[in-house]
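A structural walkthrough
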Amino acid sequence: MLATTINYKKLVIAITEIRDAYFKEYYCHFLLKSDSSIYAQNINNIASNNSTVHKKTLVAFNALSAIDQRFINNEFFYQDYSNWWVPYYSKSTFYRLKRRAMEEFLLNYEKN
């Protein structure tokens, strides 16, 4: 499905799901190593379900412009402070640029 045909709310949900899968895959290697039996079970789940999520996410993110990267990073991956955009953009510009960044990210993600 092309990202440009998805409404705004579904774009947010799609990227949130990618983010969650990315962090699940990324942190599973670190959090579960202390218990090798749990680690082995979870690694098998990751390998069968999300083995390329981490790589696809990084490739999709790195293909974005610097502005689009800022939006994806600040809005989805590192949400340390809300309203980070207020000094830079009006509300309408923020939503327009955020939508563009989400569309580009999903298009890049789907290509891989």
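Things to note about the overall build of the protein
- What the protein contains, in helices and strands, is five helices and zero strands.
- In the protein, the succession of helices and strands from N to C terminus is α-α-α-α-α.
- Within the protein, the proportion of its 112 residues that are buried is 33%.
- Across the protein, every contact between residues at least 6 apart in sequence was considered, and the portion connecting residues at least 24 apart equals 70%.

Details of the nonpolar core
- In this structure, Ile15, Phe71, Ile72, Tyr89 and Phe105 are the most contacted members of the largest nonpolar core, which totals 24 residues.
- Elements with a minimum of two residues in this core: helix H1 (8-31), helix H3 (53-62), helix H4 (66-77) and helix H5 (91-111).
- Top element by residues in this core is H5. It accounts for seven residues.
- The contacts of phenylalanine 105, once residues within four sequence positions are left out, are Ile15, Ile18, Thr57, Ala60, Phe61, Leu64 and Ile72.

Focus: the packing of aromatic side chains
- For the coordinates displayed, the defined rule picks out 14 aromatic pairs.
- Where tyrosine 8 meets tyrosine 95, the ring centres are 5.9 Å apart and the plane angle is 70 degrees; that geometry is what we call edge-to-face. Taken together, the residues span a long stretch of sequence, with tyrosine 8 in helix H1 and tyrosine 95 in helix H5 at a distance of 87 residues.
- Its relative accessible area of 26% is what places tyrosine 8 among the partly exposed residues.
- Plain terms: the ring middles of tyrosine 22 and phenylalanine 77 are 5.5 Å apart, the flat faces sit at 85 degrees to each other, and that makes the pair edge-to-face. Of this pair, tyrosine 22 sits in helix H1 while phenylalanine 77 is found in helix H4, placing the two residues 55 residues apart along the sequence. Across the pair, phenylalanine 77 and tyrosine 22 agree in class, each one buried.
- In textbook terms, an aromatic cluster arises when at least three aromatic residues are bridged by ring pairs, as seen for Tyr8, Phe71, Trp84, Trp85, Tyr88, Tyr89, Phe94 and Tyr95.
- Residue placement shows lysine 56 over the ring face of tyrosine 109; its charged tip is 4.4 Å from the ring centre.

What counts, and where the lines are drawn
- Residues numbered from 1 in each chain as written.
- Predicted model: local features only at pLDDT ≥ 70, side-chain atom pairs only at ≥ 80, totals over all residues.
- Heavy atoms only, no water.
- Helix = DSSP H or I, 4+ residues; strand = E, 2+ residues; numbered from the N terminus.
- Buried < 20%, exposed > 50% of the residue type's maximum accessible area, 1.4 Å probe, protein only.
- Contact = heavy atoms within 4.5 Å.
- Core = buried A, V, L, I, M, F, W, Y, C linked by side-chain atoms within 4.5 Å.
- Phe/Tyr/Trp six-rings, centres within 6.5 Å; stacked < 30°, edge-to-face > 60°.
- Lys NZ or Arg CZ within 6 Å of the ring centre and 35° of its normal.

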